[in-house]
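Structural description and commentary
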Amino acid sequence: MTATDRQAFHARLLEIGKERYHDKHPFHAMLHGGGCTTTQVRAWVINRYYYQSRIPMKDAAFLSRCDDPDMRRAWRSRIEDHDGGVEEGGGIRRWLRLAEAVGLDPAYVGSARGVLPSTRFAVDAYVSFVREKPLLEAVASSLTELFAPKIHSERIAGLLEHYAFADDAALAYFRQRLAEAPRDVEFGLAYVLDHADTREKQDAAAQALTFKTDVLWAQLDALYSAYVTPGRIPPGGLGRPGGGDPRAESAGGRGMTADAPVISGSSVVKLARGVRLHEDPVRGQTVLLAPERAMAVDDIAVAIVQALDGERNLDRIAADFAEKFDAPRRRDRRGCQDFRPGALRPPHAGDRPMSDTIARPAETARTLPRILPPMAMLAELTHRCPLACPYCSNPIALTQAKEELSTEEWTGVFAQAADLGVLHLHLSGGEPAARRDLVELTQAASSLGLYTNLITSGVGLTEARMNSLADAGLDHIQLSIQGVSPESADRIGGYKGGYERKMAVAGWAADAAIPLTLNAVCHRQNMGEIDEMIELAIRLKARRIEVATVQFHGWAERNKEVLMPTREQVECATRSVAEAREKYQGILVIDYVPADYYSKYPKACMGGWGRVGLNITPSGRVLPCHAAETIPSLSFENVRENSLSSIWYESNAFNAYRGEDWMPELCRSCERKKVDFGGCRCQAMALAGDASATDPVCIRSPLRDRLTLEVEQLSAPSVVPMNYRGRA
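This write-up is about the structure you can find in this document.

So, how was this worked out
Residues numbered from 1 in each chain as written. Predicted model: local features only at pLDDT ≥ 70, side-chain atom pairs only at ≥ 80, totals over all residues. Heavy atoms only, no water. Helix = DSSP H or I, 4+ residues; strand = E, 2+ residues; numbered from the N terminus. Buried < 20%, exposed > 50% of the residue type's maximum accessible area, 1.4 Å probe, protein only. Contact = heavy atoms within 4.5 Å. Areas by Shrake-Rupley, 256 points an atom, 1.4 Å probe, with all protein chains shown as cover. Core = buried A, V, L, I, M, F, W, Y, C linked by side-chain atoms within 4.5 Å. Pairing = 2+ DSSP bridges. Right-handed = clockwise from strand over helix to strand, strands pointing away. Salt bridge = Lys/Arg side-chain N within 4 Å of Asp/Glu carboxyl O. Phe/Tyr/Trp six-rings, centres within 6.5 Å; stacked < 30°, edge-to-face > 60°. Lys NZ or Arg CZ within 6 Å of the ring centre and 35° of its normal. Expected span 1.5 Å × (residues − 1). Arc of directions from axis to C-beta. Lys, Arg positive; Asp, Glu negative; His and termini not counted. Polar contact = N/O pair within 3.5 Å; in protein donor to acceptor, adjacent residues only side chain to side chain.

Focus on the overall build of the protein chain
A count of helical and extended segments in the protein chain gives 30 helices and 14 strands. Expressed as a percentage of its 728 residues, the buried residues of the protein chain come to 54%. For the protein chain, the proportion of contacts with a sequence separation of at least 24, taken over those separated by at least 6, is 74%. Approximately 31,500 Å² of the protein chain is accessible, and the part contributed by carbon and sulfur atoms is 51%.

Thoughts on the nonpolar core
If you look at the biggest cluster of nonpolar residues, it comprises 86 residues, and the most contacted ones within it are Met 377, Phe 414, Leu 518, Ile 545, Ile 616 and Leu 644. Dropping the residues within four chain positions of it, Ile 545 is found in contact with Thr 517, Leu 518, Ala 520, Met 533, Ile 534, Ala 537, Leu 588, Val 589, Ile 590 and Asp 591. Formed by 78 residues, the second largest nonpolar core is a distinct cluster that contains Val 102, Ala 148, Val 192 and Leu 223.

What to know about the pairing of strand E8 (residues 451-456)
Across the six residues that make up E8, a large majority, five, are buried. Here strand E7 (residues 424-428) runs beside E8; their pairing, made up of four bridges, is parallel. By the bridge assignment, His 424 is partnered in E8 with Tyr 451. As for the winding sense of the linkage, the β-α-β connection from E7 through helix H18 (residues 438-447) to E8 is right-handed. Relative to strand E9 (residues 476-481), E8 runs parallel, the two sharing four bridges. Looking at the pairing, Thr 456 lines up with Leu 479 of E9.

Some details on the pattern of salt bridges
For the coordinates displayed, the defined rule picks out 39 salt bridges. One salt bridge connects Arg 73 with Asp 70, and the closest N-O pair in it is separated by 2.3 Å. Of this pair, Arg 73 and Asp 70 both sit in helix H4 (residues 69-83), three residues apart, which is roughly one turn of the helix. Owing to a relative accessible area of 46%, Arg 73 belongs among the partly exposed residues under this scheme.

Quick notes on the packing of aromatic side chains
Taken as a whole, this structure holds 16 aromatic pairs when the rule is applied. Ring centres 5.4 Å apart and planes at 90° place the aromatic pair Tyr 173 and Phe 174 in the edge-to-face group. The class for Phe 174 is buried, based on a relative accessible area of 0%. Through a chain of ring-to-ring contacts, the aromatic side chains of Trp 44, Trp 95, Tyr 173 and Phe 174 assemble into a single cluster. The residue whose ring lies beneath Arg 120 is Tyr 50, and the NZ or CZ to ring-centre distance is 5.1 Å. We note Arg 727 situated over the ring of Tyr 724; from NZ or CZ to the ring centre the distance is 5.6 Å.

A look at helix H17 (residues 407-420)
Under the 1.5 Å per step criterion, the end-to-end length of H17 is 20 Å for 14 residues, consistent within 8% with the ideal 20 Å. Buried within H17 are the following residues: Thr 407, Trp 410, Val 413, Phe 414, Ala 417 and Leu 420. Taken around the axis of H17, the buried residues stretch over an arc of 145°, which confines them to a single face. Facing away from the buried side of H17 by more than 90 degrees, the exposed set consists of Glu 408 and Asp 419. Where H17 is buried, its residues meet strand E6 (376-380), E7, H18, strand E13 (613-616) and helix H26 (644-650). The first or second residue beyond H17 is Gly 421, which carries a positive phi of 115°.

Some words on unusual backbone geometry
Cis geometry marks the peptide bond from Thr 229 to Pro 230; its omega dihedral reads 5°. Checked against the element boundaries, Pro 230 lands in the loop between helix H11 (199-227) and helix H12 (246-250). Residue Gly 430 follows Gly 429 across a cis peptide bond; omega there is 15°. Note on placement: Gly 430 falls in the loop between E7 and H18. Located in the positive-phi region is Ala 513, a residue other than glycine, with phi close to 65°. As for its placement among the helices and strands, Ala 513 is situated in the loop between helix H21 (498-511) and strand E10 (516-522). Residue classification places Ala 513 among the partly exposed positions, given a relative accessible area of 41%.

Some remarks on the side chain of Asp 695
Relative to the assigned elements, Asp 695 resides in the loop between helix H29 (681-688) and helix H30 (704-714). Of the side chains with opposite charge, Arg 681 lies nearest to the buried Asp 695, which makes no salt bridge, at 5.3 Å. At 3.2 Å, the side chain of Asp 695 forms a polar contact with the side chain of Gln 683. Not counting residues within four places of it along the chain, the set of residues in contact with Asp 695 comprises Pro 602, Gly 678, Gly 679, Cys 680, Arg 681, Gln 683, Ala 684 and Ser 701.

It is worth stressing that arrangement in space is one thing and function is another; only the former is reported here.
Right under this line is the structure:
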């Protein structure tokens, strides 16, 4: 082979790396740019360890076939580099220091549990290749070290900049390889250039190097598929049963929370499923919809959201914005980074208001407070339910199946709701899956632009039905949990096998890419499990958990002696939620409904009577809240007889407690009247016998002392059995 041929062959090898080396993989861009979550970093460490641990085995296989003692002496340093000597640990031990830094148990990592099947297959194929192929091809496959120093330098800089765990000890492996790799590749490259002296041998060597780049790329493809998109972790992988490191499940690495991503200029982001823009013709605004959230957005925010296409990184988007709007690139990137869907919340003072453009009769406008269109509607599709929860908010007198609105009637109600300005549609029950037309109803609502949220126990759903709901456009699912074990959950829910079905449903929702919220109704029987409920939400990949203390309406009112939490439980629950919010900030949204009876002031029930939402019963009655029928002085109109719009704006029931005129002087003169709107009218009815009274929960109510005494008595130990829904 002439010098010219040798140079051309060398250039050919370098071109393979230029085109195919894994430094160009999007997972590495995320990792080095600070865009990986803790789970993604840990998964990379675990899977890359499997590759590192097999390198000395690969080299030992190579040496066993090598007749040349000089070559064996030169090659065996590779084994020592990774395995180390008797006293000093090598690269494998240094890699385990990295594992420890990110919160993994070194023994767990060394066990190769949690390694993805595709990683194992690719790495084992590489070991077999070196064991079986001619020595020239085996050596040529190692020449990816030609390109390694660059990626090690980028990795050190990126990890130091973006991750708190990165220090000298954690990054020792990469620093050491900066010296070892050039030495190794110098010998290997000379050998290949010397021995690939025919066209056929050069082709074989080039193919061997290509094979090795495929091995490296395949490992990152496996990580990206399992932990980025579509996010389907195969059995045994970290985050799936049988694959998780118990230590990693409960502990973060240094400065790391469970899965909080670091957003940087190299991050490639897009709106997750379950968060979307919606043109609201009723209010004449664009709104951003997410589970239990709606936020009005201006034209700049819309442009930013639309730019988050999942293809361009934030630096690229900022550059495009700077060019389009002649603005400083740095400021544009800051704006993109600050606009995070995870920070969505209900509108409050300071947000751009959602304007009211609904026309209504002049006399109504003169005599009533300004009425905004409703933002949410709860559709109780049925009262049928296989569970028998003792805290169920359904009325004692349950609606029979023959009284329920038909498919056509519900579809018509949804159309009226959309025209009225409803943004969020909550499909509830009972158990909505008891309706055979659930998919059809979901599709009808989705076609109207309504944000659809299924509130379910999970019983009655199947994997096929979940996929059909996803295809129908279901935006979000809320799955109830009664406890964190089959024993507690099934006892409270009164349904054997309910817990296991819920776990299956959560998995099906994840596989169908439907965002998941866990609904945890808490009371004396399960309040000690709140920490575990939040951890369960993390394991099930929920984006949100609602920790809601039981409201004593419906069946819960009959079970006060069994369900009333103690003051100690309530205080502990409040601390747990506060700590979890800090721990999982940016990972899990935790909504908390504290215990009314232990609060100083009442909550703004339903955001105020007839202000934000409305409920439709299975038979079509329209209510300001789910317990409104407990107020005997009110009568409620039915969508079978009147339009939803006329009921919302004009009915006596909805206008009964709007504004301030109805308030007793104690509330009307209070500075909190626009904060809690007088509290819960149904609670006032239940505790004071007068729906117009100050909510007895309020510290200023004359009935508060009596309520405090009652709560102390009810929270005392009791042997009264639970009164299960529908079984009394």
